[in-house]
Amino acid sequence: MPESNRGQSHLLAENGTRADELAHFDRITSRRHFLATVGGAALAGLGVFGAGSDAAVRGLFGRGLIPTAWAEGSADVLPKPDMIVHSQHPFNGEFPPHLLAADVTPTARHFVRNNGSIPERALRRDAQGWSLTVDGEVRSQRAFSLDDLHSLPQVTLKVVLECAGNGRSSFAPTVGGTQWIRGAVACSEWTGVRLRDVLQAAEVTEKAVYLANYGEDDPPFSRGIPIEKAMDEHTLIALKMNGEPLPAAHGFPARLLVPGWIGSSMQKWLNRIWVRDAVHDSDKMSGYSYRVPAYPIAPGDQPPEADMVIATSWVVKSLITAPQANATVQAGVPLSASGHAWAGERNVAKVLVSTDLGIHWQEAELTPPANKYAWYGWNAELIFASKGYYEIWARAFDDAGNAQPFRQPWNPKGYLGNVIHRVPVVVSA
Ligand SMILES: Nc1nc2c(c(=O)[nH]1)N[C@H]1C(S)=C(S)[C@@H](COP(=O)(O)O)O[C@H]1N2
Ligand SMILES: [Mo]
């Protein structure tokens, strides 16, 4: 979208004449064309398998490498069908909300967020020579093979995984970075070992404060989590996603799952855990990276770095997955609206739904999550009295009394966006 239109989208959203999704719709439509083009080129690339001479194919896999898994039409193909692609290199893509209706997100609908290239080992699905080193504040430094990890007790959990930047495109003024709309969130089923079992095997010392995690991607992307969160029974080193070995894009052969926390703490292509006696201080843990102001700031302000704190748990949020934006419906005919709600480390207390821009609210029926840290389902039967333009709004509340805001609180990098989701509906007589 040209820079000049961008300000306009915010105006539209702020004036409330059209929901934010309408502005986003333009982007999606223009990207559809882009996708069709790239998709076609990728298929042509299949024909000249391995030649890697096609620029689009090179772009898809970096360095011209075609993974063998590609030949089997596996989950490693990028972009995934119907994806909204934000960038090819590094690869970043999400799905529109109406494609995220499933309780358990299929791998084919899970967003992909990469800061660098996908490691060649992952593209080859080759765990030969891979190991996970645990060092630092441990009594028995260890290098775990994939077999070692498979021999530990396996745990399966459905977990909401959401990029800290999801919703960034709703920030006004605009902030830099991938302009995620609403779809950088998913809830797949993950299987692996408890991180604490691995840490206990390495005999973590009393001086342990924080983990510094490393993956095999380039340039290096390293973030960390406090030892308390690492020892939580729900924190996993995942080896499988939806019952299959991790796809290349999602961290083969092993990734962290830190339930409730921002996606960037969930290190992909994990190969080293350095147990530290201090808070991890890599560049992705410092400055404005994955950090938010310790107090509310005016939109556009740049607080001193010393006033920034590390972003950890997500905040309460909901998504409308049905109806689709711009759906048409008849007045007086019931319409079922539904979606998901989640609240980081907290529980969801209720979801309210409005069709008149917040004048009246009705309580949605809430379905409990499959397990702690999976998302809740919600459903509401709506009736539109007359023909006209309506918006469906969903507002989730957590068990501490926090609700989704009507205006997006601002921070310099556009993190933790949880402003109310609005879906436009056109009602006919
Ligand atoms: N090694 C590594 N791990 C990473 C990243 C990365 O770029 N490199 N991106 C992080 C971010 S910002 C997010 S939101 C999640 C995305 O996970 P997904 O691509 O499986 O959806 O992975 C995290 N783990
Ligand atoms: Mo992220």
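Just so it is clear, the model here is predicted, and its values are computed rather than measured.

Draft legend 1. Here's a closer look at the site of ligand 1. The local shell around ligand 1 holds 20 residues, among which Asn115, Asp217, His250, Arg255 and Lys268 are the closest. Between ligand 1 and Gln267 there is a distance of 3.1 Å, counted from a nitrogen atom to a side-chain nitrogen or oxygen. Protein burial of ligand 1: of its 530 Å² of free accessible surface, 100% is covered by the chains. Residues belonging to the shell around ligand 1 are distributed by class as follows: nine nonpolar, seven polar and four charged.

Draft legend 2. Structural view of the sheet that holds strand β22 (residues 376-382). Reading across from one edge, β16-β18-β22-β21 is the order of the four strands in this open sheet, with antiparallel pairing throughout. Lying at the two open borders of the sheet, with one neighbouring strand each, are β16 (317-322) and β21 (365-367). Direction aside, neighbouring strands of the sheet carry axes that sit 25° apart on average. With five bridges connecting them, β16 and strand β18 (residues 335-342) associate as antiparallel partners. Bridge assignment links Ile320 to a residue of β18, and that residue is Gly339.

Draft legend 3. A look at the pairing of strand β7 (residues 185-194). The element β7 is largely enclosed, with a buried count of eight among its ten residues. Where strand β6 (residues 155-162) meets β7, eight bridges bridge the pair, whose relative direction is antiparallel. The partner of Lys158 across the bridge, within β7, is Glu189. Both β7 and strand β10 (residues 236-241) contribute to a ladder of five bridges, which runs antiparallel. By the bridge assignment for β10, Arg194 is matched with Leu236.

Draft legend 4. Highlighting the sheet that holds strand β3 (residues 112-113). Read across the open sheet, the three strands follow the order β1-β2-β3; overall the sheet is antiparallel. Where the open sheet ends on each side, the last strands, each with one partner, are β1 (84-88) and β3. The pairing of β1 with strand β2 (residues 91-94) spans four bridges and is antiparallel. Bridge pairing in β2 places Val85 opposite Gly93.

Draft legend 5. Layout of the environment of Leu195. Position of Leu195 among the secondary structure elements: in helix α6 (residues 195-201). In this structure Leu195 comes out as buried when scored by relative accessible area, which is 0%. In the structure, Leu195 is positioned 61 residues away from Leu256 in sequence and 8.1 Å away in space, judged by C-alpha atoms. Contacts of Leu195, omitting those with residues within four sequence positions, involve Leu211, Ile225, Ala230, Thr235, Leu236, Ile237, Leu256 and Ile273.

Draft legend 6. Main features of the pattern of salt bridges. Under the defined criterion, the tally for this structure stands at twelve salt bridges. Among the ionic pairs, Lys158 bridges to Glu189, the shortest N-O distance being 3.8 Å. Residue Lys158 is found in strand β6, and its partner Glu189 is found in strand β7; the two are separated by 31 residues along the sequence. Taking the shortest distance from any N to any O, the salt bridge between Glu162 and Lys317 comes out at 2.6 Å. Here Lys317 lies in strand β16 and Glu162 lies in strand β6, a separation of 155 residues in the sequence. The burial state of Glu162 is the same as that of Lys317; both residues are buried.

Draft legend 7. Structural context of the nonpolar core. Formed by 65 residues in total, the largest nonpolar core has its most connected members in Val134, Leu195, Leu199, Leu211, Ile237, Ile273 and Val275. In contact with Val275, not counting residues within four places along its chain, are Val134, Asp135, Gly136, Glu137, Val138, Leu199, Val204, Ala208, Tyr210 and Leu211. Formed by 24 residues, the second largest nonpolar core is a distinct cluster that contains Val316, Val329, Ala364 and Val425.

Draft legend 8. Representation of the environment of Phe171. One can find Phe171 in the loop between β6 and β7. Residue classification places Phe171 among the buried positions, given a relative accessible area of 0%.

Draft legend 9. Just the confidence of the model for the chain, in detail. Residues with a pLDDT of 70 or more make up 83% of the chain, whose mean pLDDT is 88. For residues 1-18, every residue scores under 50 in pLDDT, and the model assigns this stretch 28 contacts once sequence neighbours within four places are set aside. Low pLDDT, under 50, characterises residues 21-72; the predicted model gives this stretch 75 contacts beyond four residues in sequence or across chains.

The rules behind each value
Residues numbered from 1 in each chain as written. Chains lettered and ligands numbered in written order. Predicted model: local features only at pLDDT ≥ 70, side-chain atom pairs only at ≥ 80, totals over all residues. Heavy atoms only, no water. Near = heavy atom within 4 Å. Polar contact = N/O pair within 3.5 Å; in protein donor to acceptor, adjacent residues only side chain to side chain. Areas by Shrake-Rupley, 256 points an atom, 1.4 Å probe, with all protein chains shown as cover. Nonpolar A, V, L, I, M, F, W, Y, C, P; charged D, E, K, R; others polar. Pairing = 2+ DSSP bridges. Helix = DSSP H or I, 4+ residues; strand = E, 2+ residues; numbered from the N terminus. Axes fitted to C-alpha atoms, helices over the stretch in contact; angles between N-to-C directions. Buried < 20%, exposed > 50% of the residue type's maximum accessible area, 1.4 Å probe, protein only. Contact = heavy atoms within 4.5 Å. Salt bridge = Lys/Arg side-chain N within 4 Å of Asp/Glu carboxyl O. Core = buried A, V, L, I, M, F, W, Y, C linked by side-chain atoms within 4.5 Å. pLDDT = per-residue confidence, 0-100.

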